[in-house]
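Each chain is listed here by its residues.
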Amino acid sequence: MEQWSGPLAPQEPSPAPGLVTGAAYGVLVVLGLFLGAITSFQFSWTAGSVPVAAILLSFVEFAAFRLAGWAMESKLGVVALAVPWLIVVVLLSSRRPEGDLVVTGTTAGYVFIFGGAIAAVVAVATTRSARPWILRGTTSVPASRD
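So, here is what we can say about the structure in this document.

Calculation rules
- Here the residue numbers are simple positions, counted from 1 along each chain's written sequence.
- With pLDDT at 70 or above as the cut-off, local features in this predicted model cover only qualifying residues; side-chain atom pairs require 80 or more to be listed or tallied, and sums for whole chains, interfaces and linings still use all residues.
- As a convention, hydrogens and water are excluded, and side-chain values are obtained from all of the structure's heavy atoms.
- Pairing of aromatic rings covers Phe, Tyr and Trp, the last counted by its six-membered ring, and requires centre-to-centre distances within 6.5 Å; plane angles under 30 degrees mean stacked, over 60 mean edge-to-face, and any other angle means tilted.
- Here a strand is any run of E in DSSP of at least two residues, a helix any run of H or I of at least four, and the numbering for each starts at the N terminus.
- Burial classes follow relative accessibility: with a 1.4 Å probe on protein chains only, a residue under 20% of its type's maximum area counts as buried, one over 50% as exposed, and anything between as partly exposed.
- In these notes, a set of buried Ala, Val, Leu, Ile, Met, Phe, Trp, Tyr and Cys residues joined through side-chain atoms within 4.5 Å is what counts as a nonpolar core.
- Here a residue-residue contact requires only that any non-hydrogen atoms of the pair lie within 4.5 Å.

## Focus on the packing of aromatic side chains
Reasoning step 1: Throughout the structure, instances matching the rule amount to four aromatic pairs.
Reasoning step 2: Geometrically, the ring pair formed by W85 and F112 is edge-to-face, given 5.8 Å between the ring centres and 70° between the ring planes. Of this pair, W85 sits in helix α3 (residues 75-93) while F112 sits in helix α4 (residues 107-126), placing them 27 residues apart in sequence.
Reasoning step 3: Judged by relative accessible area, W85 falls into the buried class, the value being 1%.
Reasoning step 4: Under the relative-accessibility criterion, F112 is labelled buried at 0%.
Reasoning step 5: Among the aromatic residues, those joined into a ring-pair cluster are F43, F65, W85 and F112.

What follows is the structure, encoded as structure tokens:
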């Protein structure tokens, strides 16, 4: 059996990088749940009729989403934080059988929900992946066919 050596030798994949990456995405999901729960209880502070907290929280959420995308070097990092945030916010904005809800249908509530959703979309759109998702499994960029 012939053994390859040198820089072109096939290397056995190491399970550690995949495990660490999966754990990092798991942490982002938990942080998204936490961010959604905490911000849902803080959005309603106003200065007169201006929903100051909802506006500021939209910028904070955008920064958190972008930071997640930057840290993971992919759009999936943004999604891993934004989707759990959105799920928590939607659940907390729906009326329970007792009539209770956390995120109310006020101006501040709508600014909070739509501001966060827009922040997530903009963060996904502005985050660049280290490599395109379609090339993740390849070792190099395919040559052009001229």
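## Concerning the environment of K75
Reasoning step 1: As for its position among the elements, K75 is in helix α3.
Reasoning step 2: Judged by relative accessible area, which is 32%, K75 ranks as partly exposed.
Reasoning step 3: The sequence separation of K75 and T127 amounts to 52 residues, and the corresponding C-alpha distance is 5.9 Å.

## What about the nonpolar core?
Reasoning step 1: Of all hydrophobic cores here, the largest spans 22 residues; its most connected members are L28, F43, F65, W85 and F112.
Reasoning step 2: Elements represented by at least two residues in this core include exactly α1 (15-40), α2 (52-72), α3 and α4.
Reasoning step 3: Once residues lying within four places of it in the same chain are set aside, the contact partners of L28 are A68, M72, G77, A80 and L81.

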